[in-house]
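If you want the building blocks of each chain, they are given just below.
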Amino acid sequence: MAEVLVVVEHGGGAVKKVTLEMLTLARELGEPAAVVLGEPGTAAALTDRLAEFGAAKVYVAEHEDLAGYLVAPKASVLAELVRQASPAAVLLGATQEGKEIAGRLAIKLDNGLLADVSALAPDGTATQSIFAGSTIVTSKVTRGLPLATLRPNSLTPTPSPVTPTVSTVEVSIPESAKLARVVERVAEPKSARPELTEASVVVSGGRGVGSAENFALVEELADLLGGAVGASRAATDAGFYPHQYQVGQTGKTVSPQLYIALGISGAIQHRAGMQTSKTIVAVNKDPEAPIFELADFGVVGDLFKVVPQAIEEIRKRQ
Amino acid sequence: MDIVVLVKQVPDSGAERRLSDADHTVDRASAGNVINEMDDYAIEEAVRLQEAHGGEVTILTMGPERAAESIRKALSMGPDKAVHVLDDALAGSCAVGTSLVLAAALKTLNPDLVLCGAESTDGRVAAMPHMLAERLGIAALTGARKLTVDGQTVTIERQTEAGYEVVTATTPAVVSVWDTINEPRYPTFKGILAAKKKPVSTLSLADLGIDPAQVGFAGASSAVLEHRQRPPRTAGQKVVDEGQGGKALVDFLASEKFV
Ligand SMILES: Cc1cc2nc3c(=O)[nH]c(=O)nc-3n(C[C@H](O)[C@H](O)[C@H](O)COP(=O)(O)OP(=O)(O)OC[C@H]3O[C@@H](n4cnc5c(N)ncnc54)[C@H](O)[C@@H]3O)c2cc1C
Ligand SMILES: Nc1ncnc2c1ncn2[C@@H]1O[C@H](COP(=O)(O)O)[C@@H](O)[C@H]1O
């Protein structure tokens, strides 16, 4: 069976959830082969987890330069690997980095690019959801192999343990890939909450939350449900919550099991980022707010009354 | 320092957008067409850099006839001139094909800096800056929330999952900007008048020496097989809070096994 290359997304020594989703998908397409790209010592901490989700092979490409520059060195190593391994398909996460590597790979290999797919069938047909989730498209690569970026949370990862063979990749990075040098990486303090795009529950606040202080209420509900916190653009623009938590067209696309919108009107650009959530719940004091058109359950009311009561009620039941 | 800003015309994301039934391309007649919003931030950043460092700012667009409106609008924010790559054979181009054309046009303009949006609201491929950098053999600094230029050194700050990164390169370079980088200016009346007189040149595929078979539907590296409207989400239950709204919400969450 031909290999399906899965480009491993990792951070802080852990495999990201989208990688497990890609491995699960890859099992339907061929034999999953995970590709770890990073500085020396990266793969050791990741291999067990990759094996648990079916990576029959783990390619390990480690080099200082893979971390020291923006994506070009990674694309260069991958292009070489694709030429050698002739895989049936190549999967990357539809994350900032995944999209960027995929773009370079498409040019290097003169290959079509299936961006932001939610599914990829064994015959190479990709499913994508565009225009704020309103249109579903199926497409195929007509030149090269299926090269796709997978939208996080598009499928449920399931384990399928194997004992992988580990294969070390010879890394030689041309000077031409070392043009954009990372001179500083600043880690910002992070909450213990799950990552927005990976979370199975997202609780978002909008302009209706009213202030940065009031976002504590949004956080409290999120924490009770084990969820991540999101925000509308009106809320991030007003400085209520940091920009990286924005959900929508110019923010993150989320696809959780449960999305709770508090004080969010449901503008089309916001919907673009959350429309494919499994279950949607909204609290808004305006009965005409468009968010109710897509909510499975809506409460017309003041969020400052409804949410504290809900929090109290959940505590009681837990 | 000479700057080229890449500007793409897209259907207004606030209106209903569709693909055409005939060929699965963006139905440009069905929605208002606007400048891709992130590109406004790129134009603003270019004009600010020009104010600080001098040089010329050129708008570059690949798109159909009607993209000319967006070009004038872009020029009204201050850039000096524009180049419109216009050719019937371009219809149906994929990202790979578009990058071939934009890269060829950039070679003729030979700027120190290429600015563009981090992603477009219709395609959301977010790959164009890297595709262009790959083709041109220059650096790509992507997703900038801050940009500084000092002589030939370009430095950006960009948001990451973990925090932020500072990335640097030497010109020529492509820089894509995020909408947190600045606040784009509104064109003034004077700016709008001036834009009408600014030079806009058009380039065809022949001018760029590109074989039409390499682009458009003919040369596309991917093809849409089918498209359909997602069945609209149906509104579910809606209750009005009369003192029990929070409880009702938790009842619903419990019925769906979330609590
Ligand atoms: C190109 C483009 C890209 C965009 N990208 C995004 C994006 O990525 N994400 C995004 O979110 N937006 C985006 N927007 C903006 C979008 O159009 C809306 O302006 C934005 O989503 C509105 O945010 P909001 O719902 O929080 O605010 P509003 O529309 O002001 O809604 C606030 C809501 O809160 C309710 N409310 C107020 N007080 C209370 C209370 N006490 N209790 C209950 N309800 C209350 C009100 O009834 C109202 O419905 C974009 C716009 C453009 C043009
Ligand atoms: N046809 C085009 N003409 C000019 N610029 C473009 C075109 N397509 C994409 N771009 C630029 O590339 C950026 C990223 O687009 P995309 O990769 O399509 O999401 C946009 O914000 C534009 O600045």
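What you are looking at is a predicted structure, and each value in this text was computed from that prediction instead of being measured.

Q: Would you mind showing me how to read the packing of helix α4 (residues 72-85) of chain A against helix α5 (residues 96-109) of chain A here?
A: All names here are of chain A. Look at α4 against α5: their axes get within 9 Å of each other, and the N-to-C directions meet at 50°. Compared by their axis directions, α4 and α5 come out oblique. The chirality of how α4 crosses α5 is right-handed. On α5, the residues that touch Ala-72, Lys-74, Ala-75, Ser-76, Leu-78, Ala-79, Val-82 and Arg-83 of α4 are Glu-97, Ile-101, Arg-104, Leu-105, Lys-108 and Leu-109.

Q: I would appreciate a short explanation of the pattern of salt bridges in the present structure.
A: Pairing is possible between side chains of opposite charge, provided their charged atoms come close. Under the counting rule described, the total for this entry stands at 34 salt bridges over all chains. Across the pair Glu175(A) and Lys178(A) runs a salt bridge whose closest N-O atoms are separated by 3.2 Å. A relative accessible area of 60% places Glu175(A) in the exposed class. Between Glu56(B) and Lys81(B) there is a salt bridge; the shortest N-O distance is 4.0 Å. Of this pair, Glu56(B) sits in the loop between α1 (37-53) and β4 (57-62) while Lys81(B) sits in strand β5 (residues 81-85), placing them 25 residues apart in sequence. Since its relative accessible area comes to 32%, Glu56(B) is described here as partly exposed. One network of salt bridges, in which partners are shared, links Glu100(A), Arg185(A), Arg158(B) and Glu165(B).

Q: Please explain the interface of chain B and chain A as it appears in this structure.
A: Accessible area lost upon the coming together of the parts is a frequently used measure of interface size. Every contact between the two is made by 82 residues of chain B and, on the other side, 87 residues of chain A. At the boundary of chain B with chain A, total buried surface from both sides reaches about 7300 Å², with 55% on carbon and sulfur atoms. Viewed at the interface, chain A and chain B are joined by 10 salt bridges. Between Lys108(A) and Glu134(B) there is a salt bridge whose closest N-O contact spans 2.8 Å. There are 47 residue pairs in polar contact (both at pLDDT 80 or more) connecting chain B and chain A. Of the residues forming the side of chain B that touches chain A, the biggest block, 10 residues, is contributed by helix α8 (residues 245-255) of chain B. Here the side of chain B that touches chain A is composed, by residue class, of 36 nonpolar, 24 polar and 22 charged. Sheet analysis places strand β9 (residues 135-141) of chain A next to strand β12 (residues 222-229) of chain B, joined by 7 bridges and oriented antiparallel. Paired with Val137(A) across the two strands is His227(B), which belongs to β12(B).

Q: Can you help me understand the nonpolar core in this one?
A: Side chains of a nonpolar character, in soluble globular proteins, are inclined to be buried together. Core analysis: the largest hydrophobic core is formed by 36 residues, its most contacted members being Val5(B), Ile43(B), Leu113(B), Leu115(B), Leu147(B) and Val175(B). Residue contributions to this core peak at 6 residues, all from α1(B). Beyond its immediate chain neighbours, meaning those up to four positions away, Ile43(B) contacts Val5(B), Val7(B), Ile35(B), Ile59(B), Ala74(B), Met77(B) and Pro79(B). Formed by 35 residues, the second largest nonpolar core is a distinct cluster that contains Val35(A), Val77(A), Leu113(A) and Ala177(A).

Q: How do you make sense of unusual backbone geometry when you look at a structure like this?
A: Residues and elements named next belong to chain B. Cis geometry is found at the peptide bond from Thr-171 to Pro-172, where omega equals 0°. Checked against the element boundaries, Pro-172 lands in the loop between β9 (163-170) and β10 (173-177). The backbone of Lys-257 sits at a positive phi, close to 65°, despite the residue not being glycine. Looking at where Lys-257 falls in the secondary structure, it is placed in the segment after α8.

Q: How should I be thinking about the sheet that holds β12(B) in this particular structure?
A: The pairing of strands in a sheet comes from backbone hydrogen bonds and takes either a parallel or an antiparallel form. What the 10 strands build is an open sheet, ordered β11(A)-β5(A)-β4(A)-β1(A)-β6(A)-β10(A)-β7(A)-β8(A)-β9(A)-β12(B); its pairing is mixed. Each edge of the open sheet carries a strand with a single partner, namely β11 (165-168) of chain A together with β12 of chain B. For this sheet, the mean angle separating the axes of adjacent strands, direction not counted, is 35°. Note: strand β6 (residues 89-93) of chain A against strand β10 (residues 147-150) of chain A, 4 bridges, orientation parallel. Bridge pairing in β10(A) places Val90(A) opposite Leu147(A). Of the strands in this sheet, β1 (3-7), β4 (31-38), β5 (57-62) and β6 of chain A are in contact with α4(A), which crosses β4(A) at around 150°.

Q: For this particular structure, what's the right way to read the pairing of β5(A)?
A: A regular strand places its side chains on the two faces of the sheet in alternate fashion. All names here are of chain A. Of the pairings in the sheet, the one linking β4 to β5 comprises 6 bridges and is parallel in character. Within β5, the position partnered with Val-35 by the bridge is Tyr-59. As a crossover connection, the stretch from β4 through helix α2 (residues 47-52) into β5 is right-handed. Bridge count between β5 and β11: 4 bridges; the pairing is parallel. Considered in β11, the bridge of Val-58 is made with Val-166.

Q: Would you take a moment to explain the site of ligand 1 for this structure?
A: The full set close to ligand 1 counts 27 residues, and Arg207(A), Ser232(A), Ser265(A), Gln269(A) and Asn284(A) are the nearest of them. Residues close to ligand 1 are split across chains A and B. Ser232(A) places a polar side-chain atom, nitrogen or oxygen, 2.5 Å from an oxygen atom of ligand 1. At a separation of 3.4 Å, an oxygen atom of ligand 1 approaches a polar backbone atom of Gly251(A). Protein chains bury 80% of the 980 Å² of accessible surface belonging to ligand 1 in isolation. Elements represented by at least two residues in the shell around ligand 1 include exactly α7 (233-237), α8 (268-271) and α9 (303-317) of chain A. Tallied by class, residues from the shell around ligand 1 come to 6 nonpolar, 15 polar and 6 charged.

Q: What am I meant to see in the packing of α5(A) against helix α4 (residues 128-136) of chain B here?
A: Packed helices, taken two at a time, are described by the angle their axes make and the gap between the axes. For the pair α5(A) and α4(B), interaxial distance at closest approach is 8 Å and the crossing angle is 40°. Considered as vectors, α5(A) and α4(B) are oriented oblique to each other. The crossing of α5(A) and α4(B) is right-handed. Residues Glu100(A), Gly103(A), Arg104(A), Ala106(A), Ile107(A) and Lys108(A) of α5(A) form the contact with α4(B), whose own contacting residues are His130(B), Met131(B), Ala133(B), Glu134(B) and Arg135(B). For the contact of α5(A) with α4(B), the per-class residue count stands at 4 nonpolar, 2 polar and 5 charged.

Rules used in this analysis
Residues numbered from 1 in each chain as written. Chains lettered and ligands numbered in written order. Predicted model: local features only at pLDDT ≥ 70, side-chain atom pairs only at ≥ 80, totals over all residues. Heavy atoms only, no water. Axes fitted to C-alpha atoms, helices over the stretch in contact; angles between N-to-C directions. Helix = DSSP H or I, 4+ residues; strand = E, 2+ residues; numbered from the N terminus. Parallel < 35°, antiparallel > 145°, perpendicular 65-115°, else oblique. Left-handed = near helix turned anticlockwise from the far one by under 90°. Contact = heavy atoms within 4.5 Å. Salt bridge = Lys/Arg side-chain N within 4 Å of Asp/Glu carboxyl O. Buried < 20%, exposed > 50% of the residue type's maximum accessible area, 1.4 Å probe, protein only. Buried area = accessible area lost by both parts, 1.4 Å probe. Polar contact = N/O pair within 3.5 Å; in protein donor to acceptor, adjacent residues only side chain to side chain. Nonpolar A, V, L, I, M, F, W, Y, C, P; charged D, E, K, R; others polar. Pairing = 2+ DSSP bridges. Core = buried A, V, L, I, M, F, W, Y, C linked by side-chain atoms within 4.5 Å. Right-handed = clockwise from strand over helix to strand, strands pointing away. Near = heavy atom within 4 Å. Areas by Shrake-Rupley, 256 points an atom, 1.4 Å probe, with all protein chains shown as cover.

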